[in-house]
Amino acid sequence: MALLLQGWLLAARRWLLAQETAATARLHHHPLCPVFEHENPRLKHLPLAVQQKHIVVTCNYEARRRGLYKLQLIHQAKSVCPDVVIVLGEDLTRFRNASKDLYAFLRSFSWNARCEKLGFDEVFLDVTDIIDYNVSNLNFNHLSNAFFCLAKDDPTVGFAYDASRLTGHLHPKTASANLDPASLDPLHLRLALGSHLAEYLRTRLESDKGYTATVGISTNKLLAKLVGNTYKPNAQTTLVPPYISDGEDESEDNVTSFMDSHDVSQIPGIGYKIAQGLRAYVRQRPADFGAEPAYDSSKETMLVHDVRTHAGIGPETLERVLGGPNVPRGIGVRVWGLLNGCDEAEVGQARDVPAQISIEDSYIRLDSFDAVVKELRLLANKLIQRMQTDLLDEEDEEDEDDRWLAHPKAIRLSTRPRRRENSEGSRNRSFARISKSSPMPTFVFNLKESVDVVVDRLLSETLVPLFRRLHPEQRGWNLSLINIAATNITEAAREQGGVGRDISKMFRRQDEVLRQWKVEETAALEAEEVVEGSSEWPERRREFFERVGSEDVPTRSQERVCDADNGWESEEDDTVGVALSRCEECRAVMPPFAMGAHGRWHAQSGRGN
DNA sequence: ACGCTTCAG
DNA sequence: CTTTCTGAAGCGT
């Protein structure tokens, strides 16, 4: 479906749930507390703070009730709340495991594998297809005795629910939970189904995994995330229609009034820099050109409403005001959309491996070469172990040769030099990191060597040289942080069984083909954007509402899957110049002739059910 | 490809 | 020591 909101085509056309584990409420990040409480339930009712270095990185509700807050100094926390339970949280292993568990659990409900992690404890699910299917299954004469189907191929998997009303909290809170049976607004109905799905997922998450969760339900990532903040913890909120105003009065739609009530800095996607730019523009001041950071205007509040209704505001103005070096192109359109509750960003495809793995530690004082080498060894050891836990195929352990699901192409060493005392002005902005990188040496993938041997080699052949490039001076530096990252991790194209391995190995050899294909894809994406961008921005908001199911148009790659089903007339192995296809579901890259079998593998293995 | 910035939790 | 320990994405060269 497509929906026009305030003159904006919501290209995402998706029905989303933003899911977030609870007990992180206002911090709404760092899943650290829930994990500790999970391991030791008595902690739930005690003030609990998680310590990293000298600060409280997060704390539970009881601690916050007693006046603690995130990133507070430990000694302050102890003086404010002497009986606070402090646990060390520098080793993130358990939190990463909990995060993976949460992600795998939610992903298992997805049909389209659009399941995106945000940090350790939040997940976006695009459940458009599930809602579509269940709306199409409804018996409109018996809405209150509906059955929500969670698996297309098994009608017994699911739960009973009342489709005539929404469940959970609503925004605005005065809204009725009942659907109007006379009009039966399709958007309202679908959000109702979304609310029941969210409730079911929260219930299952708690019964199966023991975690409570906070969820927001709306039509795009922005709104789902923001509305999820309304009630916490262990709650869900649905942003109810109307999403567009009937007439001229734009304050009558719930999206505009909801967005208007936020401070600009609360909007995800509007960070420190952009918020500062917006405030400066609306207050008609030059953007802080390095003036006193002490009198920061950054603390001032400015509502979305003030920006949105500012004279002369619009995508073009914002592009001009906010644009600059390091600012993404199209920032004006993007921010204008966000201010109006529009977010075209798709929920990302589920990933089997991260794009990057990094390990870092911070230091009070690190100014000798020997100490640096010692720390580099510790960090490198952790990095190799992380690579082995996160990038290795857990199955078929007998295949010694290539268990790597993905290979990082580069390794990067970053440091944060401690800011030097300054002769005057003390305008010492540089808490910035500096880095050097080099190709990842292939010996790190050798599983026959012990980790220690690999680490030693990595240290002497790669990391120490990188460090010398980064800090050519023998002395005089003092580092407050070191980070080592395995970067540019790209999933190996693969399929189950022997054929898949052959195919994936073939591709590793055929770089040329791959690159050629990637260029094609980029061009196609740009073309799509041109088409979308070419439509004019209407002055007035117009309603545009497509009916259920209208977006079931096959994508480019889906069409290729169909074509490829019959297409076994391909030639030899040496097919340089063959057009490649990518599976829409798992993003695996392969020649068209492999897509048929690959697609059947998806269907049969029931991934995502 | 590489170094850096911005945004996120 | 405006912080912690990450991860994704995009700009400019």
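Here is what the cut-offs are and how they apply
Residues numbered from 1 in each chain as written. Chains lettered and ligands numbered in written order. Predicted model: local features only at pLDDT ≥ 70, side-chain atom pairs only at ≥ 80, totals over all residues. Heavy atoms only, no water. Helix = DSSP H or I, 4+ residues; strand = E, 2+ residues; numbered from the N terminus. Buried < 20%, exposed > 50% of the residue type's maximum accessible area, 1.4 Å probe, protein only. Contact = heavy atoms within 4.5 Å. Areas by Shrake-Rupley, 256 points an atom, 1.4 Å probe, with all protein chains shown as cover. Near = heavy atom within 4 Å. Polar contact = N/O pair within 3.5 Å; in protein donor to acceptor, adjacent residues only side chain to side chain. Nonpolar A, V, L, I, M, F, W, Y, C, P; charged D, E, K, R; others polar. Pairing = 2+ DSSP bridges. Axes fitted to C-alpha atoms, helices over the stretch in contact; angles between N-to-C directions. Salt bridge = Lys/Arg side-chain N within 4 Å of Asp/Glu carboxyl O. Phe/Tyr/Trp six-rings, centres within 6.5 Å; stacked < 30°, edge-to-face > 60°. Lys NZ or Arg CZ within 6 Å of the ring centre and 35° of its normal. Core = buried A, V, L, I, M, F, W, Y, C linked by side-chain atoms within 4.5 Å. Domains from an automatic or database assignment. Parallel < 35°, antiparallel > 145°, perpendicular 65-115°, else oblique. Left-handed = near helix turned anticlockwise from the far one by under 90°.

Caption draft 1: Representation of the overall build of chain A within the structure. On a plain count of helices and strands, chain A comes out with 18 helices and 20 strands. Relative to its 609 residues, chain A shows a buried fraction of 46%. In chain A, of all internal contacts separated by at least 6 residues, the share reaching a separation of at least 24 is 67%. When the accessible area of chain A is evaluated, it comes to approximately 31,200 Å², of which 51% is carbon and sulfur surface.

Caption draft 2: Here's a closer look at the protein's contact with DNA strand C. Taken together, the neighbourhood of DNA strand C is formed by 32 residues, with Lys53, His54, Ser358, Ile364 and Arg419 sitting nearest. The sugar-phosphate share of atoms of DNA strand C within 4 Å of the protein amounts to 69%. Contact between DNA strand C and Ser362: a phosphate oxygen at 3.0 Å from a side-chain N or O atom of the residue. Between DNA strand C and Arg416, the relevant distance is 3.2 Å, taken from a phosphate oxygen to a side-chain nitrogen or oxygen of the residue. At the level of elements, β5 (55-59) and β15 (357-362) are the ones that each hand at least two residues to the surface near DNA strand C. Here the element with the most residues in the surface near DNA strand C is β15; it accounts for six residues. When its residues are assigned to classes, the surface near DNA strand C shows 13 nonpolar, seven polar and 12 charged.

Caption draft 3: Molecular detail of the sheet that holds strand β4 (residues 48-52). Strand order in the open sheet formed by four strands is β6-β5-β4-β7, with mixed pairing between adjacent strands. Two strands close off the open sheet at either side, each with one partner strand: β6 (72-73) and β7 (85-88). Here β5 runs beside β6; their pairing, made up of two bridges, is antiparallel. Within the sheet, the bridge partner assigned to Ile55 lies in β6 and is Leu73. Against the sheet, helix α1 (residues 32-39) touches β4, β5 and β7, its axis set at about 120° to β4.

Caption draft 4: Expanded view of the pattern of salt bridges. Per the counting criterion, the structure on display carries 21 salt bridges. Across the salt bridge formed by Glu116 and Lys221, the nearest N and O atoms sit 2.8 Å from each other. In this pair, Glu116 is assigned in strand β8 (residues 115-118) and Lys221 in helix α7 (residues 221-228), connecting sequence segments 105 residues apart. Because the salt bridges share partners, they merge into one network encompassing Glu62, Arg65, Arg66 and Asp83.

Caption draft 5: Inspection of the packing of aromatic side chains at higher detail. With the rule as written, the count across this model stands at 11 aromatic pairs. Note on Phe36 and Phe95: the rings are 5.5 Å apart at their centroids and 65° apart in plane angle, and the pair reads as edge-to-face. Here Phe36 is found in helix α1, whereas its partner Phe95 is found in helix α4 (residues 93-107), with 59 residues between them in sequence. In this pair, the class of Phe36 matches that of Phe95, namely buried. Aromatic ring contacts, followed pair by pair, group Phe105, Phe109, Phe148, Phe159, Tyr161 and Tyr200 into a single cluster. Sitting above the plane of the Tyr61 ring, Arg64 keeps its charged end 4.5 Å from the centroid. Sitting over the ring of Phe124, Lys221 keeps its end group 5.3 Å from the ring centre.

Caption draft 6: Just the sheet that holds strand β16 (residues 406-417), in detail. As summarised here, the arrangement of the four strands in space is β15-β18-β16-β17, forming an open sheet in which the pairing is antiparallel. The open sheet has two free edges, formed respectively by β15 and β17 (434-439), since each of these has just one partner strand. In this sheet, adjacent strand axes meet at a mean angle of 15° when their direction is disregarded. Bridge count between β16 and strand β18 (residues 479-491): 11 bridges; the pairing is antiparallel. Note on β18: the bridge partner recorded for His407 is Thr490.

Caption draft 7: Spatial organisation of the environment of Arg457. Within the fold, Arg457 resides in helix α14 (residues 451-470). Spatially, the C-alpha atoms of Arg457 and Phe443 are 8.4 Å apart, while their sequence positions differ by 14 residues. Excluding residues within four positions of it along the chain, Arg457 makes contact with Phe443 and Thr462.

Caption draft 8: Up close: the environment of Gly67. Looking at where Gly67 falls in the secondary structure, it is placed in the loop between α2 (61-65) and β6. Distance in space between the C-alpha atoms of Gly67 and Cys81 is 7.7 Å, their sequence separation being 14 residues. With near-sequence residues (within four places) excluded, Gly67 lies in contact with Gln72 and Val80.

Caption draft 9: Just the nonpolar core, in detail. In this structure, Phe148, Leu193, Met259, Ile270, Leu278, Val335 and Leu339 are the most contacted members of the largest nonpolar core, which totals 81 residues. When residues in this core are grouped by element, the largest group, 10 residues, is from helix α6 (residues 186-209). Mapping this core onto the domain boundaries places at least three of its residues in each of domain 1 (4-26 + 91-258) and domain 2 (264-339). Apart from the residues within four sequence positions on either side, Val335 is in contact with Ile270, Ile274, Leu278, Leu318 and Leu322. The next biggest cluster of nonpolar side chains, apart from the first, holds 39 residues, and it includes Val372, Leu379, Leu405 and Phe467.

Caption draft 10: Seen up close, helix α12 (residues 331-339). Buried residues dominate α12, accounting for seven of its nine residues. Looking at α12, one finds that the buried residues are Ile331, Gly332, Val335, Trp336, Gly337, Leu338 and Leu339.

Caption draft 11: Up close: the packing of helix α9 (residues 272-282) against helix α11 (residues 315-322). It is at 10 Å that the axes of α9 and α11 come closest, and there the two elements cross at 110°. Comparing the axis directions of α9 and α11 gives the class roughly perpendicular. The two elements α9 and α11 cross, and the hand of that crossing is right-handed. For the pair formed by α9 and α11, the contact residues are Ile274, Gly277, Leu278 and Tyr281 on the first element and Thr317, Leu318, Val321 and Leu322 on the second. Considering only residue class, the contact of α9 with α11 consists of six nonpolar, two polar and no charged.

Caption draft 12: Structural context of the environment of Asp352. Within the secondary structure layout, Asp352 lies in the loop between α12 and β15. Counting along the chain gives 39 residues from Asp352 to Leu391, while the straight-line C-alpha distance between them is 8.5 Å. A polar contact is formed between the side chain of Asp352 and the side chain of Arg107, at a distance of 3.3 Å.

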